[in-house]
Amino acid sequence: MDPRQADLQLRTESVKSMMTDPRKDSSDDGDVVKAGRRRNYGQWLCAAVILFYAAGLIYSLSQNPNIDYPLIGGYLTNQAILDGLVTTLKLTLISGAVGWIVGILVAVCRLSSNKVLSTLSLLFIWLFRGSPLLVQILIWGNLALLFQTISFGIPFTGISFFEADTNLIVTPLVAAILGLGLNEAAYMAEIVRAGIISVGKGQGEAAKALGMSRALTMRRIVLPQALRIIIPPTANQMINLLKASSLVSVIAGGDLLTNAQIISASNLKTVELLLVATFWYLAVISVASVGQYFLERRYERGYR
């Protein structure tokens, strides 16, 4: 027999014997070293120290005589607090919708070949993303100091079709929505733009070859594919918007923090009412985070 054929036959029999009895492998000769997980005692020590100090902080807060815990429990379901919570949720949803709609329009204009539209959209993003949100809310809340009346008509002609007192139109609630919504639109425009440019140019070229217009291509081809990129950061933005709604307390927007501050001004229980507001913010954000988790799993199914 040819030595090469004998060697091949020997290797085949060895493989067959290992397949019939998986316990037999080359480890019998003692040359194979079995790898084990190395214990990192430093990480365990660090975790123990952190837990020790965290427990100490929790114990210190629980035994703090300056915090009236029964008062906190009583105000959790106070009608004024619940009304402020409802107003906070309304501000978040309405401002988020404004940010979505305006953000998509600004993103499309930002990607337009029209230089005027792209420049104006760039200026919009620069202005509302570059200035602090608190300053924007204060400007909208004090808009009557700039314009005593709001009118709509033909510029430079003096012709006006509509005119009303600014304070009657831009109420604290409307000022809060404008401040939060337009600021959110600036961030949403960049998120939507990133999602749109993530779709390959070949998609648009194929749609154009089929005779689809640019608007139809954007609505039927590009945006549905861009949602995979747009949705996860949008969920984060909504959670940030919920927290940022507390800033409207500077213009007495009627939100959760505003009502908590009004109550604390009457009973001088500042810390307790701040903890009540913190509890409800954490509760709502926790529920929103669960929804965000399942939403992200839904849009990443093809990439897991």
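Model, not experiment: these values are computed from the prediction.

Calculation notes
Residues numbered from 1 in each chain as written. Predicted model: local features only at pLDDT ≥ 70, side-chain atom pairs only at ≥ 80, totals over all residues. Heavy atoms only, no water. Axes fitted to C-alpha atoms, helices over the stretch in contact; angles between N-to-C directions. Helix = DSSP H or I, 4+ residues; strand = E, 2+ residues; numbered from the N terminus. Parallel < 35°, antiparallel > 145°, perpendicular 65-115°, else oblique. Left-handed = near helix turned anticlockwise from the far one by under 90°. Contact = heavy atoms within 4.5 Å. Expected span 1.5 Å × (residues − 1). Polar contact = N/O pair within 3.5 Å; in protein donor to acceptor, adjacent residues only side chain to side chain. Core = buried A, V, L, I, M, F, W, Y, C linked by side-chain atoms within 4.5 Å. Buried < 20%, exposed > 50% of the residue type's maximum accessible area, 1.4 Å probe, protein only. Phe/Tyr/Trp six-rings, centres within 6.5 Å; stacked < 30°, edge-to-face > 60°. Salt bridge = Lys/Arg side-chain N within 4 Å of Asp/Glu carboxyl O. Pairing = 2+ DSSP bridges. Patch = residues over 30% accessible without salt bridge, like charges linked within 9 Å, V, L, I, M, F, W, Y side chains within 5 Å. Areas by Shrake-Rupley, 256 points an atom, 1.4 Å probe, with all protein chains shown as cover.

**Q** Explanation requested: the packing of helix α5 (residues 115-130) against helix α8 (residues 172-197) in the structure shown.
**A** If you want to describe how two helices pack, look at the angle between their axes and the distance between the axes. At a minimum axis separation of 8 Å, α5 and α8 run at an interaxial angle of 125°. It follows that α5 is oblique to α8 by the angle criterion. With respect to the hand of their crossing, α5 and α8 are arranged in left-handed fashion. Side by side, α5 and α8 meet where Phe-124, Ile-125, Phe-128 and Arg-129 of the first sit next to Leu-182, Asn-183, Ala-185, Ala-186, Tyr-187, Ala-189 and Glu-190 of the second.

**Q** Looking at this model, I keep getting lost on helix α4 (residues 79-110). Mind explaining?
**A** Residue pairs spaced three or four apart in an α-helix point in one direction, given the helix's 3.6 residues per turn. For α4, with 32 residues, the first-to-last C-alpha span of 45 Å sits near the 46 Å given by 1.5 Å per residue. The N-terminus of α4 is capped by Asn-78, whose side-chain oxygen sits 2.9 Å from the backbone nitrogen of Ala-80.

**Q** Which parts of the structure should I look at to understand the nonpolar core?
**A** Within soluble globular proteins, side chains that are nonpolar generally end up buried alongside one another. Phe-124 and Val-192 are the most contacted members of the largest nonpolar core, which has 18 residues in total. Contributions of two or more residues to this core are made by α4, α5, α8 and α10 (214-244). A per-element tally of this core places α8 first, with eight residues. Excluding residues within four positions of it along the chain, Val-192 makes contact with Ile-104, Ala-107 and Ile-230. Ranked by size, the runner-up nonpolar core spans 15 residues in total, among them Ile-67, Ile-81, Leu-257 and Ala-277.

**Q** Would you mind going over the environment of Asn-236 with me for this structure?
**A** Mapped onto the fold, Asn-236 is located in helix α10. Linking Asn-236 and Ser-289, residues 53 residues apart in sequence, is a C-alpha distance of 8.6 Å.

**Q** Would you mind showing me how to read the packing of aromatic side chains here?
**A** Centre-to-centre distance and the angle between the planes together describe a pair of aromatic rings. With the rule as written, the count across this model stands at four aromatic pairs. Relative to Phe-128, the ring of Phe-124 lies with its centre 4.7 Å away and its plane at 40°, an arrangement referred to as tilted. Here Phe-124 and its partner Phe-128 are both found in helix α5, four residues apart, which amounts to about one turn of the helix. Take Phe-124: its relative accessible area is 19%, and that puts it in the buried class. Residue classification places Phe-128 among the buried residues on the basis of a relative accessible area of 13%. Each ring, one from Phe-279 and one from Trp-280, has its centre 5.3 Å from the other, and the planes form 75°; the classification is edge-to-face.

**Q** Where do I start with the pattern of salt bridges in this structure?
**A** Oppositely charged side chains may form a pair once their charged atoms are brought near each other. Tallying each qualifying case throughout the model produces two salt bridges. Taking the shortest distance from any N to any O, the salt bridge between Arg-193 and Glu-190 comes out at 3.2 Å. Taken together, the residues Arg-193 and Glu-190, both in helix α8 and three residues apart, mark about one turn of the helix. Given the relative accessible area of 19%, Glu-190 is considered buried. Salt bridges here are not isolated pairs; linked through shared partners, they connect Arg-129, Glu-190 and Arg-193.

**Q** What's the story with the pairing of strand β2 (residues 159-165) in this structure? I'm lost.
**A** On a regular strand, each side chain points to the face opposite its neighbour's, so the side chains alternate between the two faces of the sheet. In terms of strand pairing, strand β1 (residues 149-154) meets β2 through six bridges, oriented antiparallel. Across the sheet, Ile-154 pairs through a bridge with Ile-159, a residue of β2. Hairpin remark: β1 followed by β2, antiparallel, with four residues in the connecting loop; positive phi at Phe-156, about 65°.

**Q** How should I be thinking about a nonpolar patch on the surface in this particular structure?
**A** A cluster of nonpolar side chains, Phe-152, Ile-154, Ile-159, Phe-161, Phe-162, Leu-168 and Ile-169, forms an exposed patch at the surface whose accessible area comes to about 740 Å². Listed by contribution, the elements that provide at least two residues to the nonpolar patch are β1, β2 and α7 (166-169). At three residues, β2 tops the list of elements feeding residues into the nonpolar patch.

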